[in-house]
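# Residue-level structural notes
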Amino acid sequence: MAERTEVVIIGAGVIGTCAAWALAERGVRVTVVEQDLVASGASHANAGLLATSHSVPLAAPGVLGQGLRWLFDSASPFYIEPRLDRDLLRWLWRFRGACNERAVRRAIPLLRDMHRESASIYARLTAMEGMACGYERKGALHVFRTKKGYEAGLREAKLIREYGLSSGIVDGPGAENWVRSLKPGVAGAIHLPEDGHLDPGAFVRALAKQAEAKGAVFRTTTTAVAFKMAGNRIAAVGTTGGEIEADEVVLAAGAYSPALAASIGLDLPIQAGKGYSLTVRPPGPPPPVPVMLMEARVAVTPLGELVRLSGTLELVGMDFTITRQRVQAICAAAVEYLDGVEGMEVVELWRGMRPLSPDGLPLLGRPAKLANLIIATGHSTIGMATGPVTGRIVAELACREKPSYDLTLLRPDRYS
């Protein structure tokens, strides 16, 4: 006999787990299918930044040109492995089309509101008993060592201020006084007071337990392999642990989503963006707030007594190989900006795949072809920051309610 539930969610990262919590809180019977363990993918050891300030999508004017300059440098912050791959070429063409000011300005208000709503939900969730995950909302500091980089940062700060997002200008000495481990020579910094941070893996695992306490079922080490169709509906999800029948199906499998979607004729234009992190034990106190080393695109996140160094964006397909040059680039950036990082004890070295959409916006909503499928993936670099509000929107859709956001810009089949 097939298992029966009301909603089945594929993927137990931050998106799938937040959706499971939001549904379980409403009393909906939900089963989550995860090929590995909860928070074992991109949600495990990312930077943990809840950056409300990050409301400018990844596809922004100038980003493509910068990426092309970095193309053949395997140690660059944004590396695209040269290869003849039709899906990658189509993705790059669409990415190019999204890198314009009109598209960016259209997206900022939506991303701003989603970030802020998620911040509100995070405050509520992390206040629950059993949700220890190092959540703090003390802002973040973006640090620049070059005049050119600082000028670019000031332009972006001016842009987000136009949309009501706060930012403060800090001179070099002020930044060095604030974060004592910064080496002399800082050109300037920008303070983003609305930003927060947490331990992402700890948050997702704790929230999964909260969802289980409300009746959600997590089927870990269970892979979704096929869909059983009945007309324009998915009647059941075939897994390595048997079939699961459901009224609604949510595809929230991150970078794995395109392959599953393709099996039922859906084209999700997502590229896997490999990122790295090193969780280290510093010799002295961690920085008081997260620090972004902007020219190097490396985040320094305090996690209790530990510090997480994370960065790089590598488009190499679903290749999980740990590339030494990428790790060395993160270490070199930390040495360039910070005192006392040489010889730090490495607690964990990690890499994970972020699901990158061409325009940097999530693919969220129902595809036109299927009546009971909800897509919730493609969050690029903002999945952690917008996970809670995405989960709430998924719950609204699954319960056939009008979503609390206009999802026009996020339509999952907008590239069809």
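One structure accompanies this document, and this report is about it. (Residues numbered from 1 in each chain as written. Predicted model: local features only at pLDDT ≥ 70, side-chain atom pairs only at ≥ 80, totals over all residues. Heavy atoms only, no water.)

## Points about the overall build of the protein
Heads up, the rule is: Numbering goes from the N terminus for both helices and strands, where a helix is a DSSP run of H or I of at least four residues and a strand is a run of E of at least two. Restricting the calculation to C-alpha atoms gives the radius of gyration, and the globule rule supplies 2.2 Å times the number of residues raised to the power 0.38. For every residue, the accessible area (1.4 Å probe, protein chains only) is compared with the maximum for its type, and the residue is labelled buried under 20%, exposed over 50%, or partly exposed between those bounds. Residue contacts follow a heavy-atom distance rule, with two residues in contact if any of their heavy atoms lie within 4.5 Å. Using a 1.4 Å probe, accessible areas were evaluated by the Shrake-Rupley method; residue-level cover was limited to the displayed protein chains.
Broken down by element type, the protein carries 10 helices and 19 strands. Taken over the C-alpha trace, the protein has a radius of gyration of 21 Å; the compact-globule value for 416 residues is 22 Å, and the two agree within 12%. Dimensions of the protein, computed from the C-alpha atoms along their principal axes, are close to 65 × 45 × 40 Å. Split into buried and exposed, the 416 residues of the protein put 57% on the buried side. Once local pairs closer than 6 in sequence are excluded, the contacts in the protein between residues at least 24 apart make up 76%. Accessible surface, the protein: about 17000 Å² in total, of which carbon and sulfur atoms supply 53%.

## Focus on the packing of aromatic side chains
Applicable threshold: Stacked, tilted and edge-to-face pairs are distinguished by plane angle, under 30 degrees for stacked and over 60 for edge-to-face with tilted covering the rest, among Phe, Tyr and Trp rings (Trp via its six-membered ring) whose centres lie within 6.5 Å. Criterion for a charge above a ring: Arg CZ or Lys NZ at most 6 Å from the ring centre, at most 35 degrees from the ring normal.
Under the definition given, this model contains four aromatic pairs. A ring pair is formed by W91 and F95, whose centres lie 5.0 Å apart and whose planes are at 10°; its orientation type is stacked. With a gap of four residues between them, W91 and F95 both fall in helix α3 (residues 86-98), about one helical turn apart. Each member of the pair, W91 as well as F95, carries the same accessibility label: buried. Summarising the aromatic geometry, the rings of Y122 and F203 are spaced 4.9 Å apart at their centres and angled 55° between planes, so their arrangement reads as tilted. Of the two residues, Y122 sits in helix α4 (residues 101-126) while F203 sits in helix α7 (residues 200-213), which places them 81 residues apart along the sequence. By way of ring pairs, the aromatic residues Y122, Y135 and F203 are connected into one cluster. It is R96 that lies over the ring of W93; its NZ or CZ is 4.6 Å from the centre. One Lys or Arg, R145, reaches over the ring of Y337 and ends 5.7 Å from the middle of that ring.

## Concerning the environment of R137
Inspection of the secondary structure puts R137 in the loop between α4 and β5 (140-144). On the basis of relative accessibility, which here comes to 40%, the residue R137 falls in the partly exposed class. The sequence separation of R137 and L154 amounts to 17 residues, and the corresponding C-alpha distance is 22 Å. For R137, the residues in contact, after removing those within four places along its chain, are T52, A119, E194, D195 and G196.

## A short note on the nonpolar core
This is how it is decided: What is meant by a nonpolar core is a set of buried Ala, Val, Leu, Ile, Met, Phe, Trp, Tyr and Cys residues, joined one to another through side-chain atoms within 4.5 Å.
If you look at the biggest cluster of nonpolar residues, it comprises 54 residues, and the most contacted ones within it are I9, F203 and F218. Put simply, the parts of the chain that give this core at least two residues each are β1 (3-10), α1 (14-25), β2 (30-33), α4, α7, β19 (373-377) and α10 (383-398). With nine residues, α1 is the largest single contributor of residues to this core. Setting aside residues up to four positions removed in sequence, F218 forms contacts with A12, T17, A20, V32, V38, A208, A211 and E212. Grouped together as the second largest cluster of nonpolar side chains are 27 residues, A189, V300, A333 and V341 included.

## Some points on the side chain of S118
Note that S118 resides in helix α4. Leaving out residues up to four positions away in the same chain, S118 has contacts with A385, T386, G387, P388 and V389.

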